[in-house]
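# What the coordinates show
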There are 4 protein chains.
Amino acid sequence: MKSNKKFTRLELAEKSKEALSERGVEVKDIAEIVLFLQVKYQKDLTLECCIETVESVLEKREVSYAILTGLELDKAAENGTLDEPLLSIIKSDDALYGLDEIIPLSIVNLYGSIGFTNFGYLDKLKPGIIGELDSVKNDTVNTFIDDLVCAVAAASATRIAHSSEE
Amino acid sequence: MKSNKKFTRLELAEKSKEALSERGVEVKDIAEIVLFLQVKYQKDLTLECCIETVESVLEKREVSYAILTGLELDKAAENGTLDEPLLSIIKSDDALYGLDEIIPLSIVNLYGSIGFTNFGYLDKLKPGIIGELDSVKNDTVNTFIDDLVCAVAAASATRIAHSSEE
Amino acid sequence: MKSNKKFTRLELAEKSKEALSERGVEVKDIAEIVLFLQVKYQKDLTLECCIETVESVLEKREVSYAILTGLELDKAAENGTLDEPLLSIIKSDDALYGLDEIIPLSIVNLYGSIGFTNFGYLDKLKPGIIGELDSVKNDTVNTFIDDLVCAVAAASATRIAHSSEE
Amino acid sequence: MKSNKKFTRLELAEKSKEALSERGVEVKDIAEIVLFLQVKYQKDLTLECCIETVESVLEKREVSYAILTGLELDKAAENGTLDEPLLSIIKSDDALYGLDEIIPLSIVNLYGSIGFTNFGYLDKLKPGIIGELDSVKNDTVNTFIDDLVCAVAAASATRIAHSSEE
């Protein structure tokens, strides 16, 4: 594969953290979900360790690409710059529309299959910031962002589970 | 793609139902989980409808292949016919071993991405027969079967959600 | 899963065929690739049969969603309505950007894993319309569309392989 | 996720290299395929660099699990220790059986989606050791191993493409 990349991995990480922050999600919010998931298996796990892990997950190029693409679709739906029927589908978070799961799953995949369980669990339970994003009732479109947060949290929990073993 | 198939789709479905039944799982057990998942969105959903849907999911060739392969691995681990280190890994249901998620996810994939959420949720919550399989304490190896049941239930719920819309 | 769907499956199929046609891809173009892939295994396969199969693949709700989403991203990049850095990444078809594979793979997944091989093969070989899309040199952005065509063709070939067996 | 792991990551890598070698595949064979794939994009790429990359891919825990599981299924089919119908299906490398793609794809996934294209391409083209494995005509069962080699080679090429950019 050739490449004509213009952005480094760390520049992309910075852009994706900024994009999340503009939509109301900070690294610490995601780290709190990681702690919630993983503290039952590692009693001495700290929020600091979870923050570091979330940061390292966000520094993967593929993670930035998934986040930036999903958030652009949320914003484009919000601004009405998508054509119909996609505009209505994303705005209404249509339950049969699955791309908001497919794009984030590319994040989970990078850390191995044991993260799928946590992804699905978070997506149903909606703890912390995930539930807040889901319950916003004004014109904000949060179709992709809640699943992206689930994916980064699930990937981070997987990374902690793996590294505690090696 | 060429093929040198010796078994029809329905013969394979019969074999996979027999294999599940030998390990203690009946179609009705899976249908009860589908009902549990989906009745909150469709109040008039019946167990009969869930049974029919599970049957139709089990009749897909790829579903049979995933079930037969996963159950063979459980049985081979139980009978000690696998080499080390895989024998110990599957017998102990090692948390970092992810093939017991990967093989069932090929079932979920066939019905589209909205099933992933239910798969992960069931895998954590372990309602009904899933919890029973997981808590067996003798020499039985149930590493793959519980995830296979989660996958068939999640796929069936997705199929019901889709068909109620069309 | 609940739903607040506004479009039927067939309406979505119509919209996605229109969207492909606007970008220069007709059902027949995809059917020709299916014939190229599959005729070596089924000597009597006709273009008509391939056209019918492509039509039936395009009628799946998840397929329409993937096509509509990918084409909107191509168009948004072309129109400059995406923010940086995503705009440059999609415009330049950056080789490390993988979403243009991830979104189409959700189409391949629906027909089972044997389609992956054909997807990758088409993506490298670029026969017919795929190569034409890839070699457009003006300001057109064809980052997603070529992979979407590969995916629909690979899924259709899989469907033909399966149905010839049952 | 908890774990009751008994093997380190590097012990598993050693076991999976031994298992590949017993079936006639050496690290160098895989590295030659990586070189074939990637040298057109990086003229100065050496076989030594490809060998190092294949080694590092093989040291991932999930990669070892996929290899060990796939090779056990090949061996069990060869030894006749699987039940029917799975025994015949794996022995005949039935074209509709897709688990021999699904298990290796869990390797490709770990390095991001751009590897899918190379996986499918190798699986069709069958260069080097892949073609040799595929053409063995005695009682040897090589249903999984050729796809596992494709996956490790595709993942390694992806890793080289990414690291040349950072």
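Further remarks concern the overall build of chain A. The helix and strand inventory of chain A stands at nine helices and zero strands. Along chain A, from the amino end to the carboxyl end, the secondary structure elements read α-α-α-α-α-α-α-α-α. The C-alpha radius of gyration of chain A comes to 16 Å, within 12% of the 15 Å expected for a compact globule of 166 residues. Dimensions of chain A, computed from the C-alpha atoms along their principal axes, are close to 50 × 40 × 25 Å. Looking at chain A as a whole, 64% of its 166 residues qualify as buried. For chain A, long-range pairs separated by at least 24 residues make up 74% of all intrachain contacts whose partners lie at least 6 apart in sequence.

Time to look at the interface of chain B and chain D. Listed as interface residues are 37 residues of chain B and, on the opposing side, 37 residues of chain D. Taking both partners together, chain B and chain D bury about 3200 Å²; carbon and sulfur atoms supply 67% of that area. Notably, a salt bridge pairs K75 of chain D with D83 of chain B, separated by 3.0 Å at the nearest N-O pair. At the boundary of chain B with chain D, the tally comes to eight residue pairs in polar contact (both at pLDDT 80 or more). For the side of chain B that touches chain D, the elements supplying multiple residues, two or more each, are α1 (9–22), α4 (61–79), α5 (86–91) and α6 (99–109) of chain B. Here the element with the most residues in the side of chain B that touches chain D is α4 of chain B; it accounts for nine residues.

Moving on: helix α7 (residues 115–125) of chain D. Quick reminder: α-helices carry 3.6 residues per turn. Residues three or four places apart thus point the same way. For α7 of chain D, a buried count of nine out of 11 residues is recorded, marking the element as mostly surrounded by other parts of the structure. Turning to α7 of chain D, its buried residues are G115, F116, T117, N118, F119, G120, Y121, L122 and D123 of chain D. Those residues of α7 of chain D that are buried are in contact with α6 (99–109) and α7 (115–125) of chain C together with α2 (27–38), α6 (99–109), α8 (129–135) and α9 (145–163) of chain D. Residue K126 of chain D follows α7 of chain D closely and has a positive phi angle near 55°.

Right, let's get into the side chain of D147 of chain B. Residue and element names in this part refer to chain B. On the secondary structure map, D147 appears in helix α9 (residues 145–163). For the buried residue D147, which engages in no salt bridge, the nearest side chain bearing the opposite charge is K126, 5.9 Å off. Apart from residues lying up to four places away in sequence, D147 is in contact with D100, E101, P104, F119 and D123.

This next bit is on the packing of α6 of chain C against helix α9 (residues 145–163) of chain C. All names here are of chain C. Two numbers describe how α6 lies on α9: the axes approach to 8 Å, and their chain directions differ by 20°. Put simply, α6 runs roughly parallel to α9. Where α6 crosses over α9, the handedness of that crossing is right-handed. Of α9, the residues touching α6 (which contributes D100, E101, P104, I107 and V108) are D147, L148, A151, V152 and A155. Per-class residue counts for the contact of α6 with α9 are seven nonpolar, no polar and three charged.

Before going further, it helps to spend a moment on unusual backbone geometry. Residues and elements named next belong to chain A. Looking along the chain, the bond that leaves E84 and enters P85 is cis, with omega of 5°. Here P85 lies in the loop between α4 (61–79) and α5 (86–91). One non-glycine residue with positive phi stands out, namely D93, at about 50°. Of note, D93 is situated in the loop between α5 and α6 (99–109).

Looking now at the relation of the copies chain B and chain D. Rotating chain B by 180° and moving it 0.0 Å along the rotation axis overlays it on chain D with an RMSD of 0.0 Å. Both chain copies can therefore be described as sitting about a two-fold axis. Take the interface residues of chain B: 100% of them recur as interface residues in chain D, which is what a same-surface contact looks like.

Taken as a whole, this structure holds 25 salt bridges over all chains when the rule is applied. The shortest N-O distance in the salt bridge between E72 of chain A and K75 of chain A comes to 3.5 Å. Linking E72 of chain A with K75 of chain A, this pair stays in helix α4, spanning three residues, or about one helical turn. A network of salt bridges, in which partner residues are shared, links E72 and K75 of chain A together with D83 of chain C.

Turning our eyes to something else, we now look at the environment of E72 of chain B. With a relative accessible area of 8%, E72 of chain B lands in the buried category. C-alpha separation for the pair E72 of chain B and I145 of chain B, spaced 73 residues apart in sequence, amounts to 9.9 Å. Not counting the four nearest positions on each side in its chain, E72 of chain B is found in contact with T81, L82, D83 and L86 of chain D.

With that out of the way, let us pick up the packing of α6 of chain A against α6 of chain C. Their axes nearest at 10 Å, the elements α6 of chain A and α6 of chain C cross at an angle of 130°. Taken together, α6 of chain A and α6 of chain C sit at an angle that is classed as oblique. The hand of the α6 of chain A/α6 of chain C crossing is right-handed. Taken together, the residues of α6 of chain C that come into contact with α6 of chain A (itself represented by L99, I102, I103 and S106 of chain A) are L99, I102, I103 and S106 of chain C. A class-by-class count of the residues in the contact of α6 of chain A with α6 of chain C yields six nonpolar, two polar and no charged.

Right, let's get into the packing of aromatic side chains. According to the stated counting rule, one finds 10 aromatic pairs over all chains in the structure shown. Taking 5.1 Å as the distance between ring centres and 75° as the angle between the ring planes, the aromatic pair formed by Y97 of chain A and Y65 of chain C counts as edge-to-face. Of the two residues, Y97 of chain A sits in the loop between α5 and α6 while Y65 of chain C sits in helix α4 (residues 61–79), which places them in two different chains. There is no split in this pair, since Y97 of chain A and Y65 of chain C are both buried. An aromatic cluster is present here, built from Y65 of chain A together with Y97 and F144 of chain C joined pairwise through their rings. Against the face of Y111 of chain A rests K60 of chain A, its NZ or CZ located 4.9 Å from the ring centre. The ring of Y121 of chain B carries K124 of chain A above its face, with NZ or CZ at 5.3 Å from the centroid.

What follows is about the environment of L122 of chain A. All names here are of chain A. Positionally, L122 belongs in helix α7 (residues 115–125). L122 sits 27 residues away from V149 along the chain, and the two C-alpha atoms are 9.3 Å apart. In this structure L122 touches I33, F36, L37, P127, I130, C150, A153 and A154, once residues within four positions along its chain are discounted.

Residue-level contacts link 37 residues of chain C with 37 residues of chain A. Across the chain C to chain A interface the summed buried area is about 3200 Å²; carbon plus sulfur atoms make up 67%. Together, Y65, E72 and L96 of chain C form the three largest contributors to the area buried by chain C at its contact with chain A, with a combined 18%. Across the contact surface, chain C and chain A share two salt bridges. Summed over the shared surface of chain C and chain A, the result is eight residue pairs in polar contact (both at pLDDT 80 or more). Broken down by element, the residue count for the side of chain C that touches chain A peaks at nine residues, all from α4 of chain C. When its residues are assigned to classes, the side of chain C that touches chain A shows 17 nonpolar, eight polar and 12 charged.

Rules used throughout
- Residues numbered from 1 in each chain as written.
- Chains lettered and ligands numbered in written order.
- Predicted model: local features only at pLDDT ≥ 70, side-chain atom pairs only at ≥ 80, totals over all residues.
- Heavy atoms only, no water.
- Helix = DSSP H or I, 4+ residues; strand = E, 2+ residues; numbered from the N terminus.
- Rg over C-alpha atoms; globule rule 2.2 N^0.38 Å.
- Buried < 20%, exposed > 50% of the residue type's maximum accessible area, 1.4 Å probe, protein only.
- Contact = heavy atoms within 4.5 Å.
- Buried area = accessible area lost by both parts, 1.4 Å probe.
- Salt bridge = Lys/Arg side-chain N within 4 Å of Asp/Glu carboxyl O.
- Polar contact = N/O pair within 3.5 Å; in protein donor to acceptor, adjacent residues only side chain to side chain.
- Lys, Arg positive; Asp, Glu negative; His and termini not counted.
- Axes fitted to C-alpha atoms, helices over the stretch in contact; angles between N-to-C directions.
- Parallel < 35°, antiparallel > 145°, perpendicular 65-115°, else oblique.
- Left-handed = near helix turned anticlockwise from the far one by under 90°.
- Nonpolar A, V, L, I, M, F, W, Y, C, P; charged D, E, K, R; others polar.
- Least-squares fit on C-alpha atoms with pLDDT ≥ 70 in both.
- Phe/Tyr/Trp six-rings, centres within 6.5 Å; stacked < 30°, edge-to-face > 60°.
- Lys NZ or Arg CZ within 6 Å of the ring centre and 35° of its normal.

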